[in-house]
Amino acid sequence: MPRKYLAFDIETAKILPENFGDLHDHRPLGITCMATWCSDEPSAVTFYSKKADGTPAPQMTKADVAAFVEHLKTKLQEGYTLITHNGLGFDFVIVAEECGQVDACRELAMSHVDMMYHFFCGKGFPIKLNAAAKAIGVSKPANVDGSVAPKLWKEGECQTVLDYVAQDCRLTLDVAEASEKAKRVSWITGRGTTSHFELPGGWLTVQEASKLPLPDTSWMDKPWPRSKFMEWW
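My aim in this report is to walk through the structure given alongside it, one point at a time.

Reading guide: rules and limits
Residues numbered from 1 in each chain as written. Predicted model: local features only at pLDDT ≥ 70, side-chain atom pairs only at ≥ 80, totals over all residues. Heavy atoms only, no water. Core = buried A, V, L, I, M, F, W, Y, C linked by side-chain atoms within 4.5 Å. Buried < 20%, exposed > 50% of the residue type's maximum accessible area, 1.4 Å probe, protein only. Helix = DSSP H or I, 4+ residues; strand = E, 2+ residues; numbered from the N terminus. Pairing = 2+ DSSP bridges. Contact = heavy atoms within 4.5 Å. Axes fitted to C-alpha atoms, helices over the stretch in contact; angles between N-to-C directions. Salt bridge = Lys/Arg side-chain N within 4 Å of Asp/Glu carboxyl O. Parallel < 35°, antiparallel > 145°, perpendicular 65-115°, else oblique. Left-handed = near helix turned anticlockwise from the far one by under 90°. Nonpolar A, V, L, I, M, F, W, Y, C, P; charged D, E, K, R; others polar. Phe/Tyr/Trp six-rings, centres within 6.5 Å; stacked < 30°, edge-to-face > 60°. Lys NZ or Arg CZ within 6 Å of the ring centre and 35° of its normal. Arc of directions from axis to C-beta.

### Quick look at the nonpolar core
In globular proteins that are soluble, nonpolar side chains generally tend to be buried together. Core analysis: the biggest nonpolar cluster contains 37 residues, and Met34 and Val95 have the highest contact counts within it. Among the elements of the structure, β1 (5-12), β2 (31-38), α1 (62-77), α2 (87-99), α3 (102-111), α4 (115-123) and α8 (206-209) are those that each provide at least two residues to this core. The greatest single-element share of this core, amounting to 8 residues, is contributed by α2. Core analysis: the second largest hydrophobic core is formed by 33 residues, Leu129, Ala131, Ala176 and Phe197 among them.

Next up, the structure:
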(Lines give C-alpha, C1' and ligand atoms only; values in the text may rest on other atoms or scores of the structure.)
Protein backbone atom coordinates (compact mmCIF):
# COMPACT_ATOMS: atom_id res chain seq x y z
CA MET A 1 0.00 0.00 0.00
CA PRO A 2 1.46 3.40 -0.99
CA ARG A 3 2.60 5.63 1.83
CA LYS A 4 0.70 8.79 2.65
CA TYR A 5 3.19 11.59 2.13
CA LEU A 6 3.21 15.12 3.47
CA ALA A 7 5.57 17.37 1.55
CA PHE A 8 6.62 20.67 3.07
CA ASP A 9 8.76 23.60 2.01
CA ILE A 10 9.71 27.02 3.35
CA GLU A 11 10.58 30.41 1.90
CA THR A 12 13.15 32.59 3.63
CA ALA A 13 12.86 36.30 4.42
CA LYS A 14 16.32 37.81 4.09
CA ILE A 15 17.06 39.51 0.77
CA LEU A 16 20.53 38.43 -0.30
CA PRO A 17 23.05 40.08 -2.63
CA GLU A 18 23.80 38.68 -6.06
CA ASN A 19 26.27 35.78 -6.05
CA PHE A 20 25.54 35.22 -2.36
CA GLY A 21 27.42 31.92 -2.21
CA ASP A 22 26.38 29.56 0.56
CA LEU A 23 22.97 30.42 2.01
CA HIS A 24 24.06 29.27 5.44
CA ASP A 25 26.70 32.02 5.56
CA HIS A 26 23.86 34.57 5.72
CA ARG A 27 21.85 33.06 8.57
CA PRO A 28 19.60 33.82 10.33
CA LEU A 29 17.43 33.99 7.23
CA GLY A 30 13.98 34.22 8.76
CA ILE A 31 10.90 32.61 7.20
CA THR A 32 8.17 34.43 5.30
CA CYS A 33 5.92 31.44 4.75
CA MET A 34 5.69 27.67 4.61
CA ALA A 35 3.42 25.14 2.98
CA THR A 36 2.42 21.51 3.30
CA TRP A 37 0.70 19.31 0.74
CA CYS A 38 -0.61 15.88 1.69
CA SER A 39 -0.69 13.22 -1.02
CA ASP A 40 -4.36 12.50 -0.29
CA GLU A 41 -5.43 16.17 -0.39
CA PRO A 42 -6.28 18.26 -3.49
CA SER A 43 -4.39 21.38 -2.45
CA ALA A 44 -1.70 22.79 -0.20
CA VAL A 45 -2.04 24.44 3.20
CA THR A 46 0.02 27.60 3.65
CA PHE A 47 1.37 29.12 6.86
CA TYR A 48 2.48 32.70 7.56
CA SER A 49 2.23 35.25 10.34
CA LYS A 50 -0.20 38.17 10.14
CA LYS A 51 -0.04 41.80 11.14
CA ALA A 52 -2.79 43.40 13.23
CA ASP A 53 -4.74 44.27 10.07
CA GLY A 54 -4.69 40.65 8.90
CA THR A 55 -2.17 41.13 6.10
CA PRO A 56 0.98 38.96 5.88
CA ALA A 57 3.77 39.94 8.28
CA PRO A 58 7.34 40.49 7.02
CA GLN A 59 8.32 37.14 8.52
CA MET A 60 6.92 34.40 10.71
CA THR A 61 7.06 34.73 14.48
CA LYS A 62 8.80 32.27 16.74
CA ALA A 63 5.43 31.12 18.09
CA ASP A 64 4.00 30.51 14.62
CA VAL A 65 7.05 28.52 13.52
CA ALA A 66 6.79 26.47 16.73
CA ALA A 67 3.12 25.82 15.95
CA PHE A 68 4.15 24.56 12.52
CA VAL A 69 6.53 22.06 14.15
CA GLU A 70 3.63 20.82 16.28
CA HIS A 71 1.56 20.50 13.11
CA LEU A 72 4.23 18.27 11.55
CA LYS A 73 4.31 16.12 14.68
CA THR A 74 0.53 15.71 14.53
CA LYS A 75 0.56 14.70 10.87
CA LEU A 76 3.31 12.18 11.62
CA GLN A 77 1.10 10.65 14.31
CA GLU A 78 -1.75 10.51 11.80
CA GLY A 79 0.33 8.19 9.63
CA TYR A 80 1.89 10.57 7.14
CA THR A 81 5.52 10.26 6.05
CA LEU A 82 7.14 13.69 5.90
CA ILE A 83 9.04 14.22 2.66
CA THR A 84 11.26 17.05 1.39
CA HIS A 85 14.00 17.78 -1.08
CA ASN A 86 16.97 18.93 1.02
CA GLY A 87 14.91 19.32 4.18
CA LEU A 88 17.71 17.80 6.24
CA GLY A 89 20.34 20.26 5.10
CA PHE A 90 18.14 23.34 4.80
CA ASP A 91 14.43 23.51 5.73
CA PHE A 92 14.73 21.83 9.12
CA VAL A 93 17.85 23.87 9.85
CA ILE A 94 16.04 27.16 9.36
CA VAL A 95 12.87 26.01 11.13
CA ALA A 96 14.91 24.88 14.15
CA GLU A 97 16.78 28.17 14.23
CA GLU A 98 13.59 30.24 14.00
CA CYS A 99 11.66 28.44 16.74
CA GLY A 100 14.50 27.18 18.95
CA GLN A 101 13.20 23.59 18.98
CA VAL A 102 16.39 21.94 17.78
CA ASP A 103 15.77 18.55 19.39
CA ALA A 104 12.25 18.27 17.99
CA CYS A 105 13.40 19.30 14.51
CA ARG A 106 16.31 16.86 14.68
CA GLU A 107 13.92 14.03 15.52
CA LEU A 108 11.56 14.97 12.70
CA ALA A 109 14.45 15.31 10.27
CA MET A 110 15.85 11.87 11.02
CA SER A 111 12.48 10.17 10.61
CA HIS A 112 11.48 11.92 7.38
CA VAL A 113 12.34 11.21 3.75
CA ASP A 114 14.74 13.71 2.21
CA MET A 115 14.90 12.74 -1.45
CA MET A 116 18.05 14.72 -2.09
CA TYR A 117 19.83 13.16 0.88
CA HIS A 118 18.78 9.62 -0.10
CA PHE A 119 20.05 10.27 -3.62
CA PHE A 120 23.27 11.78 -2.26
CA CYS A 121 23.90 8.78 -0.01
CA GLY A 122 23.60 6.51 -3.03
CA LYS A 123 25.45 8.56 -5.66
CA GLY A 124 27.76 10.88 -3.73
CA PHE A 125 26.41 14.10 -5.25
CA PRO A 126 23.08 15.96 -5.02
CA ILE A 127 20.54 16.83 -7.70
CA LYS A 128 18.07 19.70 -7.83
CA LEU A 129 14.36 19.07 -7.49
CA ASN A 130 13.70 20.64 -10.86
CA ALA A 131 16.12 18.23 -12.57
CA ALA A 132 14.06 15.31 -11.29
CA ALA A 133 10.78 17.08 -12.00
CA LYS A 134 11.70 17.75 -15.63
CA ALA A 135 12.47 14.06 -16.09
CA ILE A 136 8.81 13.25 -15.38
CA GLY A 137 7.47 16.10 -17.50
CA VAL A 138 6.84 18.83 -14.90
CA SER A 139 8.91 21.78 -13.70
CA LYS A 140 9.04 24.89 -11.55
CA PRO A 141 7.61 28.17 -12.87
CA ALA A 142 10.14 30.10 -14.93
CA ASN A 143 9.39 33.53 -13.46
CA VAL A 144 9.87 32.77 -9.74
CA ASP A 145 12.48 30.97 -7.69
CA GLY A 146 13.68 30.90 -4.11
CA SER A 147 16.26 33.62 -4.66
CA VAL A 148 13.67 36.25 -5.64
CA ALA A 149 10.90 35.13 -3.28
CA PRO A 150 12.10 37.29 -0.33
CA LYS A 151 12.04 40.43 -2.50
CA LEU A 152 8.59 39.59 -3.88
CA TRP A 153 7.26 39.09 -0.35
CA LYS A 154 8.68 42.42 0.82
CA GLU A 155 7.12 44.15 -2.21
CA GLY A 156 3.70 42.78 -1.30
CA GLU A 157 3.56 40.01 -3.90
CA CYS A 158 2.76 37.57 -1.10
CA GLN A 159 0.25 35.45 -3.04
CA THR A 160 2.85 34.84 -5.74
CA VAL A 161 5.25 33.51 -3.10
CA LEU A 162 2.53 31.42 -1.44
CA ASP A 163 1.67 29.89 -4.80
CA TYR A 164 5.34 29.20 -5.42
CA VAL A 165 5.98 27.45 -2.09
CA ALA A 166 2.84 25.37 -2.59
CA GLN A 167 3.99 24.40 -6.08
CA ASP A 168 7.33 23.25 -4.68
CA CYS A 169 5.43 20.94 -2.34
CA ARG A 170 3.41 19.60 -5.29
CA LEU A 171 6.59 18.99 -7.31
CA THR A 172 8.09 17.14 -4.36
CA LEU A 173 5.04 14.88 -4.19
CA ASP A 174 5.02 14.34 -7.96
CA VAL A 175 8.67 13.29 -7.97
CA ALA A 176 8.29 11.17 -4.84
CA GLU A 177 5.28 9.24 -6.08
CA ALA A 178 6.46 8.80 -9.68
CA SER A 179 9.87 7.60 -8.49
CA GLU A 180 8.44 5.19 -5.95
CA LYS A 181 6.11 3.72 -8.57
CA ALA A 182 8.96 3.33 -11.08
CA LYS A 183 11.34 2.10 -8.36
CA ARG A 184 13.89 4.62 -9.54
CA VAL A 185 14.36 8.38 -9.61
CA SER A 186 15.21 9.95 -12.96
CA TRP A 187 16.81 13.32 -13.56
CA ILE A 188 18.01 15.51 -16.40
CA THR A 189 21.79 15.81 -16.29
CA GLY A 190 23.82 18.92 -17.04
CA ARG A 191 24.35 17.53 -20.55
CA GLY A 192 20.62 17.27 -21.15
CA THR A 193 20.45 13.49 -20.98
CA THR A 194 18.23 11.46 -18.65
CA SER A 195 19.85 9.33 -15.98
CA HIS A 196 18.45 7.11 -13.24
CA PHE A 197 19.07 6.01 -9.66
CA GLU A 198 17.42 2.79 -8.58
CA LEU A 199 15.05 2.72 -5.59
CA PRO A 200 14.43 -1.01 -5.13
CA GLY A 201 12.87 -0.55 -1.70
CA GLY A 202 11.33 2.87 -2.31
CA TRP A 203 12.40 6.05 -0.58
CA LEU A 204 14.40 5.73 2.63
CA THR A 205 14.18 7.95 5.67
CA VAL A 206 17.26 9.98 6.62
CA GLN A 207 18.07 7.42 9.30
CA GLU A 208 17.77 4.55 6.82
CA ALA A 209 19.66 6.32 4.00
CA SER A 210 22.53 7.07 6.37
CA LYS A 211 23.17 3.33 6.62
CA LEU A 212 23.74 2.90 2.87
CA PRO A 213 27.32 2.02 1.90
CA LEU A 214 29.43 4.99 0.88
CA PRO A 215 29.49 5.44 -2.91
CA ASP A 216 32.69 5.72 -4.94
CA THR A 217 33.59 9.41 -5.06
CA SER A 218 37.21 8.97 -6.11
CA TRP A 219 36.44 10.73 -9.40
CA MET A 220 35.45 13.96 -7.58
CA ASP A 221 37.85 16.74 -6.65
CA LYS A 222 36.07 17.73 -3.43
CA PRO A 223 33.30 15.27 -2.56
CA TRP A 224 30.89 16.28 0.16
CA PRO A 225 30.81 14.18 3.34
CA ARG A 226 27.39 13.10 4.58
CA SER A 227 28.05 15.08 7.73
CA LYS A 228 27.64 18.27 5.66
CA PHE A 229 23.88 17.80 5.87
CA MET A 230 23.92 17.50 9.65
CA GLU A 231 26.31 20.28 10.66
CA TRP A 232 23.46 22.10 12.39
CA TRP A 233 23.51 19.58 15.20
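### Some details on the sheet that holds strand β4 (residues 81-84)
With respect to topology, 5 strands assemble into an open sheet ordered β3-β2-β1-β4-β5, the strand pairing being mixed. Here the strands that pair on one side only, and so sit at the sheet edges, are β3 (45-47) and β5 (113-114). Summarising the sheet, β1 and β4 pair through 3 bridges and their orientation is parallel. Counterpart to Leu6 in the pairing with β4 is Leu82. Sitting on the sheet, α2 touches β1, β2, β4 and β5, and the angle it makes with β1 is about 65°. Sitting on the sheet, helix α7 (residues 158-182) touches β1, β2, β3 and β4, and the angle it makes with β1 is about 145°.

### Notes on the pattern of salt bridges
Within this structure, the stated rule accounts for 9 salt bridges. Ionic pairing is found between Glu70 and Lys73, a salt bridge with its closest N-O pair at 3.2 Å. On the criterion of helical spacing, the pair formed by Glu70 and Lys73 is a turn pair, its members being 3 residues apart in helix α1. We note a salt bridge from Lys140 to Asp168, for which the minimum N-O separation is 3.4 Å. In this pair, Lys140 is assigned in the loop between α5 (129-135) and α6 (149-154) and Asp168 in helix α7, connecting sequence segments 28 residues apart. Since its relative accessible area comes to 6%, Asp168 is described here as buried.

### Observations regarding the packing of α1 against α3
Taken N-terminus to C-terminus, the directions of α1 and α3 make an angle of 40°; their axes are 11 Å apart at the nearest point. With respect to α3, the axis of α1 lies oblique. α3 is crossed by α1, and the crossing has left-handed handedness. Across from Val69, Leu72, Lys73 and Leu76 in α1, the residues of α3 making contact are Ala104, Cys105, Leu108 and Ser111. Classifying every residue of the contact of α1 with α3 gives 6 nonpolar, 1 polar and 1 charged.

### Let's talk about the pairing of β1
Within β1, 8 of the 8 residues are buried, which leaves the element mostly enclosed by the surrounding structure. Here β1 shows a buried face lined by Tyr5, Ala7, Asp9 and Glu11 and a second buried face lined by Leu6, Phe8, Ile10 and Thr12. Note that β1 and β2 share 7 bridges and pair antiparallel. By the bridge assignment, Asp9 is partnered in β2 with Ala35.

### Looking at the packing of aromatic side chains
If you walk through the whole model with that rule in mind, you get 13 aromatic pairs. Pairwise contacts between aromatic rings join Phe119, Phe125, Trp187, Phe197 and Trp219 into one cluster. The ring of Tyr80 has Lys4 lying over it, and the distance from NZ or CZ to the ring centre is 4.2 Å. Between Lys228 and the ring centre of Trp224, over which it is positioned, the NZ or CZ distance is 4.7 Å.

### What to know about α3
Residue pairs three or four apart in sequence face the same way in an α-helix, which turns once every 3.6 residues. Residues Ala104, Cys105, Leu108 and Ala109 constitute the buried set of α3. Each buried residue of α3 sits inside an arc of 135° when the element is viewed along its axis, so together they form one side. Exposed positions of α3 whose direction lies more than 90 degrees from the buried face are Asp103 and Glu107. Where α3 is buried, its residues contact α1, β4, α2 and α8.

Shape descriptors only; they carry no functional weight alone.
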